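Given next are the chains, with one letter for each unit.
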Amino acid sequence: MPATLTQLATALSSGQIRVVDCTATLGPKTPLLKLPPEIADDTPPIEIHQISKYGDRGPFWAWNWLKLGEHSGTHFDAPHHWITGRDYPDGATDTIDAQNFVAPANVIDCSAQAAENPDFLLTAEGVKAWEAEHGEIGAGEWVLMRTDWCKRNHDEALYLNADETGPHTPGPSADCVRYLMEKKVLGWGTECIGTDAGAAGGFEPPFPAHNLLHANNRYGLASLVNLSELPPKGAILIAAPLKIEAGTGSPIRALALVPA
Ligand code: 23J
Ligand code: MN
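Here's what I pulled together on the structure shown here. Predicted model only: the values in this text are computed from it and were never measured.

Section: the coordination of the manganese ion (ligand 2)
Around the manganese ion (ligand 2), the donor atoms from the protein are His71 (ND1), His75 (NE2) and Asp77 (OD), and they sit 2.0 to 2.2 Å away. Each donor residue of the manganese ion (ligand 2) belongs to the same chain, with the gaps between them written as H-x3-H-x1-D. Aspartate 77 shares its class with histidine 75; the two are buried.

Observations regarding the sheet that holds strand β4 (residues 75-77)
In any sheet, the strands associate via hydrogen bonds between backbone groups, in a parallel or an antiparallel arrangement. Read from one edge to the other, the open sheet built from nine strands follows the order β1-β15-β13-β5-β7-β11-β12-β4-β14, with strand pairing classed as mixed. Lying at the two open borders of the sheet, with one neighbouring strand each, are β1 (17-21) and β14 (249-251). If you compare each strand with its neighbour and ignore which way they point, the axes differ by 25° on average. Taken together, the four bridges between strand β5 (residues 102-109) and strand β13 (residues 235-238) define a ladder with antiparallel strand orientation. Looking at the pairing, valine 102 lines up with isoleucine 238 of β13. Relative to the sheet, helix α6 (residues 208-215) contacts β4, β11 (187-190) and β12 (219-222), its axis offset from that of β12 by approximately 145°.

Some remarks on the nonpolar core
Formed by 24 residues in total, the largest nonpolar core has its most connected members in Cys22, Phe76, Trp142, Leu144, Leu221, Leu230 and Leu237. Those elements giving two or more residues to this core turn out to be β5, β7 (142-146), β12, β13 and β15 (255-259). With three residues, the single largest contributor to this core is β5. In contact with leucine 221, not counting residues within four places along its chain, are His75, Phe76, Trp142, Leu144, Trp188, Gly189, Thr190, Thr195, Leu237, Ala239 and Ile252. Grouped together as the second largest cluster of nonpolar side chains are 20 residues, Ala124, Trp130, Met145 and Leu213 included.

Section: the site of ligand 1
Around ligand 1, the neighbouring residues are Leu33, Leu35, His71, His75, Asp77, His81, Trp82, Gly194, Phe207 and His210. Between ligand 1 and the protein, one listed contact pairs an oxygen atom with a side-chain N or O atom of histidine 75 at 3.2 Å. A distance of 2.9 Å separates an oxygen atom of ligand 1 from a polar atom in the side chain of histidine 210. Judged by the proximity of its atoms to the pocket grid, ligand 1 belongs to the largest pocket.

Side note on helix α5 (residues 174-182)
Within α5 the residues assigned to the buried category are Ala174, Cys176, Val177, Tyr179, Leu180 and Met181. Along its buried surface, α5 packs onto β6 (121-122), α3 (124-134), β7, β10 (171-172), β11 and α6. Two residues or fewer past α5, lysine 184 is found with a positive phi of approximately 60°.

A look at the pairing of strand β3 (residues 58-67)
Relative to β3, strand β2 (residues 47-55) runs antiparallel, the two sharing seven bridges. What sits directly across from lysine 53, in β3, is alanine 62.

Looking at the packing of α5 against α6
The N-to-C vectors of α5 and α6 enclose an angle of 15°; their axes lie 9 Å apart at closest approach. Here α5 lies roughly parallel to α6, going by the angle between them. Considering only the axes of α5 and α6, their crossing is right-handed. Residues Ala174, Val177, Arg178 and Met181 of α5 lie in contact with α6, whose contacting residues are Pro208, Ala209, Leu212 and Leu213.

The rules behind these values
Residues numbered from 1 in each chain as written. Chains lettered and ligands numbered in written order. Predicted model: local features only at pLDDT ≥ 70, side-chain atom pairs only at ≥ 80, totals over all residues. Heavy atoms only, no water. Donors = N, O, S within 2.8 Å, 3.2 Å for Na, K, Ca; no water. Buried < 20%, exposed > 50% of the residue type's maximum accessible area, 1.4 Å probe, protein only. Pairing = 2+ DSSP bridges. Helix = DSSP H or I, 4+ residues; strand = E, 2+ residues; numbered from the N terminus. Axes fitted to C-alpha atoms, helices over the stretch in contact; angles between N-to-C directions. Contact = heavy atoms within 4.5 Å. Core = buried A, V, L, I, M, F, W, Y, C linked by side-chain atoms within 4.5 Å. Near = heavy atom within 4 Å. Polar contact = N/O pair within 3.5 Å; in protein donor to acceptor, adjacent residues only side chain to side chain. 1 Å grid on protein atoms, 1.4 Å probe; cavity = no way out; pocket = protein on both sides within 12 Å on 5 of 7 lines; lining within 4 Å. Sits in = over half its atoms within 2 Å of the grid points. Parallel < 35°, antiparallel > 145°, perpendicular 65-115°, else oblique. Left-handed = near helix turned anticlockwise from the far one by under 90°.

Here it is in C-alpha cells:
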C-alpha cells in the first residue's frame, strides 16, 4: 500500500493526474437560494470586510473577515441540515468521519436534457441506463449530476431561473434518490443552487434529495462547477466542509483528481 501513495505522488507531479477545481468563486456576487418569504428566512448576502491591508491598522499584513451562511456557494450539506437527519450523532460538519471527504465520483451527463428542459429530472430509470453504459455505481461513491448549469453561475437570475411559477432548475426525482439510497452511495452533487430541483418543494416528499439523503445520513453537494471536465467514472472527489461546531453545512473547495 505505501507504493500506492508513491505512485499517486508521481502521477500528480508528472501531470498524469490533473486537479480539476469544481468550486465557484465565493463572494458578494455568489448566487444564493431564495425561498418563498411566507415560509422561510433566506441565507444573508455574503460580505467580505477588510480588517487591514498593509497599512495603519497592521503594517505588514492583509486580512479580511467574512459574513456568510453555511449554505453559500459551492457547499456541502450535512445530515443535520434536514429534519430527517437531525438525530445522527455523526451528522454535523464537526462529527462526520473525515474518511467520507475523499471518494470516487460517478458523473452523469444530463447537459443535453437540461439545455432542452430546465425542469429536467433524472429518474431511477435514467441512472440505470447510465449504469448499463458506464458500469455500476458503487456503495460509498458520489453521484454527480452534470448539467452545465455552472455556466450560469456568474448571473444570479440566470442561475436561479425563476418566474412567477417559481424556480426552474434540473435535479433528481424522488425515485432517483430512493434508488441511490438503496445503492448506499455517499451522496449526491449538482451544479445547481441546491441538491433538489427548482420545483422540488412541490414533490412528494417535498425536497426529496434533502429529505432522503439526510434521512440516510448521506451528504449533498451544491453549486459544483466544471463537471464537464470529469470522466463518467474514474475521478476521485475531495469535498471537505469546514469543521464548524454543530454545523449543518459549509462552503468547500471541491477538487477532483482526474486522469490526464
Ligand atoms: C433550505 C431549504 C431548502 C433548500 C435548501 C436549504 C438548499 O438548497 C440548501 O442549500 O441546502 S432547497
Ligand atoms: Mn445546502
